Amino acid sequence: LKVDVVKNQNDSAPSPFDNYITAWAARGVHISNPQRFEAIVASIASDGLRHLQVISDFDITISSYKTVTGRDTVSSHGVIETSPLLPAEYTKQARALHDKYYPMETSLEIDEEHKTQAMVEWWSKAHD
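Owing to the predicted nature of the structure, the values given are computational and were not obtained by experimental measurement.

**Student:** Any chance you could explain the packing of helix 1 (residues 18-26) against helix 2 (residues 34-47) here in plain terms?
**Tutor:** Working note: a packed helix pair is described by the angle between its axes plus the distance between those axes. Running from N to C, helix 1 and helix 2 point in directions that differ by 120 degrees, and their axes come no closer than 11 Å. Here helix 1 lies oblique to helix 2, going by the angle between them. The hand of the helix 1/helix 2 crossing is right-handed. Across the interface between the two elements, Asp-18, Ile-21 and Trp-24 of helix 1 pack against Pro-34, Phe-37 and Glu-38 of helix 2. By residue class, the composition of the contact of helix 1 with helix 2 is four nonpolar, no polar and two charged.

Structure representation (structure tokens):
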């Protein structure tokens, strides 16, 4: 990916991302902050592949939920949230969010609408 120009927020010139954003929007993809999206993609492009890490299966939809011995596995978010490389305050806050929202995620008693609202809230708070 090569990005030559990134639109300044005050610049009315078209961005190289405009076509991508329009195409994705037509397929139902919502980008809440296009300027931030552009900056992130431009940063990835300028940093190069040697600095790119991709975390997939964050919600254990492709991998197993249990090990062969029956122990719970850790999601990609869980790996990051428990990393000793991150500040203790981050780990503490992530654990508090997990302790509040994980029981809602796995509850069979909460209807889909309320569960979805709780999961969006969890995701939003975890990424602020």
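Picking up after the structure, the text goes on.
**Student:** Which parts of the structure should I look at to understand the pattern of salt bridges?
**Tutor:** Oppositely charged side chains can pair when the atoms bearing their charge come close. Summed over the entire model, instances satisfying the criterion amount to four salt bridges. With a closest N to O distance of 3.2 Å, Asp-99 and Arg-95 form a salt bridge. Of this pair, Asp-99 and Arg-95 are both found in helix 4 (residues 88-106), four residues apart, which corresponds to roughly one turn of the helix. Glu-121 serves as the salt-bridge partner of Lys-100, at 4.0 Å between the closest nitrogen and oxygen. One end of the pair, Lys-100, is in helix 4; the other, Glu-121, is in helix 5 (residues 112-126), with 21 residues separating them in the sequence. When its relative accessible area of 42% is taken as the criterion, Lys-100 is described as partly exposed.

**Student:** In this structure, what is going on with a nonpolar patch on the surface? I would like to understand it.
**Tutor:** On the surface, a nonpolar cluster with roughly 490 Å² of combined accessible area is contributed by Ile-40, Ile-44, Leu-49, Leu-52 and Val-54. By secondary structure assignment, the location of Leu-52 is in the loop between helix 2 and helix 3 (76-81). With relative accessibility at 37%, the residue Leu-52 sits in the partly exposed group.

What counts, and where the lines are drawn
- Residues numbered from 1 in each chain as written.
- Predicted model: local features only at pLDDT ≥ 70, side-chain atom pairs only at ≥ 80, totals over all residues.
- Heavy atoms only, no water.
- Axes fitted to C-alpha atoms, helices over the stretch in contact; angles between N-to-C directions.
- Helix = DSSP H or I, 4+ residues; strand = E, 2+ residues; numbered from the N terminus.
- Parallel < 35°, antiparallel > 145°, perpendicular 65-115°, else oblique.
- Left-handed = near helix turned anticlockwise from the far one by under 90°.
- Contact = heavy atoms within 4.5 Å.
- Nonpolar A, V, L, I, M, F, W, Y, C, P; charged D, E, K, R; others polar.
- Salt bridge = Lys/Arg side-chain N within 4 Å of Asp/Glu carboxyl O.
- Buried < 20%, exposed > 50% of the residue type's maximum accessible area, 1.4 Å probe, protein only.
- Patch = residues over 30% accessible without salt bridge, like charges linked within 9 Å, V, L, I, M, F, W, Y side chains within 5 Å.
- Areas by Shrake-Rupley, 256 points an atom, 1.4 Å probe, with all protein chains shown as cover.

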